[in-house]
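The primary structure of each chain is shown beneath.
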Amino acid sequence: MHPDFDKALQIGRPPTIQKLFPNSRALLVSGKVIDRAMLAKGKAMTIAANGRNNFIIRGALQAAQRANSAIIIEIARSECNYCPVNFWNIARQVDAACNELDITIPVAIHADHYGIKKEEDISVALAEIPSLFDAGITSIAIDASHMPDDKNLLANLKLNEVVPAWAGLETEVGE
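Residues numbered from 1 in each chain as written. Predicted model: local features only at pLDDT ≥ 70, side-chain atom pairs only at ≥ 80, totals over all residues. Heavy atoms only, no water.

## Describing the packing of helix α4 (residues 54-67) against helix α5 (residues 90-101)
Where α4 meets α5, the axes come as close as 10 Å, and the angle between the chain directions of the two elements is 50 degrees. When the interaxial angle is binned, α4 and α5 end up oblique. Between α4 and α5 lies a crossing whose hand is right-handed. Every residue of α5 that contacts α4 at Asn54, Ile57, Arg58, Leu61 and Gln62 is listed here: Ile90, Gln93, Val94, Ala97, Cys98, Glu100 and Leu101. Its residues assigned to classes, the contact of α4 with α5 comprises seven nonpolar, three polar and two charged. (Axes fitted to C-alpha atoms, helices over the stretch in contact; angles between N-to-C directions. Helix = DSSP H or I, 4+ residues; strand = E, 2+ residues; numbered from the N terminus. Parallel < 35°, antiparallel > 145°, perpendicular 65-115°, else oblique. Left-handed = near helix turned anticlockwise from the far one by under 90°. Contact = heavy atoms within 4.5 Å. Nonpolar A, V, L, I, M, F, W, Y, C, P; charged D, E, K, R; others polar.)

## Overview of the side chain of His110
Locating His110 in the fold gives a position in strand β4 (residues 107-115). With sequence-adjacent residues up to four places away left out, His110 is seen in contact with Ile72, Ile73, Glu74, Ile75, Ile137, Ser139, Ile140, Ala141 and Glu170.

## A short note on helix α6 (residues 121-134)
Given 3.6 residues to a turn, an α-helix orients residues that are three or four positions apart in the same direction. The end-to-end C-alpha distance of α6, which contains 14 residues, comes to 20 Å, matching closely the 20 Å that a straight helix rising 1.5 Å per residue would cover. Of all the bends in α6, the largest measures some 30 degrees and sits at Ala127, one to four residues before the proline Pro130. Buried within α6 we find Asp121, Ile122, Ala125, Ile129, Leu132 and Phe133. Contact partners of the buried residues in α6: α2 (15-20), β4, β5 (139-143) and α7 (149-160). After α6 finishes, the residue Gly136 shows a positive phi value of roughly 115 degrees. (Expected span 1.5 Å × (residues − 1). Bend = angle between axes of the 7 residues up to and from the residue. Buried < 20%, exposed > 50% of the residue type's maximum accessible area, 1.4 Å probe, protein only.)

## Description of the nonpolar core
Grouped together as the largest cluster of nonpolar side chains are 41 residues, with contacts concentrated most on Leu61, Ile73, Val94 and Val107. For this core, the secondary structure elements donating two or more residues are α4, β3 (71-76), α5, β4, α6, β5 and α7. The residues touching Ile73, leaving out its near neighbours within four places in the chain, are Ala49, Gly51, Ile57, Ala60, Leu61, Ile90, Val94, Val107, Ala108, Ile109 and His110. Among the nonpolar cores identified, the runner-up in size contains nine residues, and Phe5, Ile34, Met38 and Ala108 belong to it. (Core = buried A, V, L, I, M, F, W, Y, C linked by side-chain atoms within 4.5 Å.)

## Some remarks on unusual backbone geometry
Despite not being glycine, Asn68 has its phi angle at roughly 55 degrees, a positive value. Checked against the element boundaries, Asn68 lands in the loop between α4 and β3. A positive phi is found at His113, a non-glycine position, where the angle reads about 45 degrees. By secondary structure assignment, the location of His113 is in strand β4.

## Brief notes about the packing of α6 against α7
At a minimum axis distance of 10 Å, the contact between α6 and α7 shows a crossing angle of 30 degrees. Overall, the two elements α6 and α7 adopt an arrangement that is roughly parallel. As α6 runs across α7, the sense of the crossing is right-handed. For the pair α6 and α7, the contacting residues are Ile122, Ala125, Leu126 and Ile129 in the first and Ala155, Lys158 and Leu159 in the second. Classifying every residue of the contact of α6 with α7 gives six nonpolar, no polar and one charged.

## Quick look at a nonpolar patch on the surface
Together, Leu153, Leu154 and Leu157 give the surface a local cluster of nonpolar side chains, amounting to about 300 Å² of exposed area. With respect to the secondary-structure elements, Leu153 resides in helix α7. (Patch = residues over 30% accessible without salt bridge, like charges linked within 9 Å, V, L, I, M, F, W, Y side chains within 5 Å. Areas by Shrake-Rupley, 256 points an atom, 1.4 Å probe, with all protein chains shown as cover. Salt bridge = Lys/Arg side-chain N within 4 Å of Asp/Glu carboxyl O.)

## Points about α7
Taking 1.5 Å as the rise per residue, α7 with 12 residues should run 16 Å; its terminal C-alpha atoms sit 16 Å apart, in good agreement. Within the span of α7, buried status applies to Asn152, Ala155, Asn156 and Leu159. Along the axis of α7, the buried positions cluster into a sector of 95 degrees, meaning they face one direction only. Seen from the open side of α7, the exposed residues pointing more than 90 degrees away from its buried face are Leu153 and Leu154. Check the buried side of α7 and you find it contacts α6, β5 and β6 (168-171). (Arc of directions from axis to C-beta.)

Here it is in structure tokens:
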């Protein structure tokens, strides 16, 4: 174990992750942290693995650990309707796998393509998005790309109000 790992656990995990998993040894971090680390390193990248089930989550985590690389485990809003993994249980599954498999690399939990198709969807999103972060999501992609660019921008600005400052935020422009 790297000597700085315990320090990373203490300072790197967002407050919601600390609250949800107080005794965890999983380094679940904000997507923003992974993005900033890649930019600082330069010529670096990570993958976002679509964690549609526990087998994929475990395999992706093991591969990232072997590569000594940060990873983003994600699930799209549309997939929450038919996959055993969804926005409200993905963090628990990733945390459990990290602890069981002794995963020590940084892992972000991403809500991908949180779709906003029309302006009426914004009020539902304002109520729902905070619950995603309460459940362990550490970054989100708000996808209002089906709306005209000006409405997309306004939707993202409004929804940014309910995304924690520590969290990663991605937006979709164009389809």
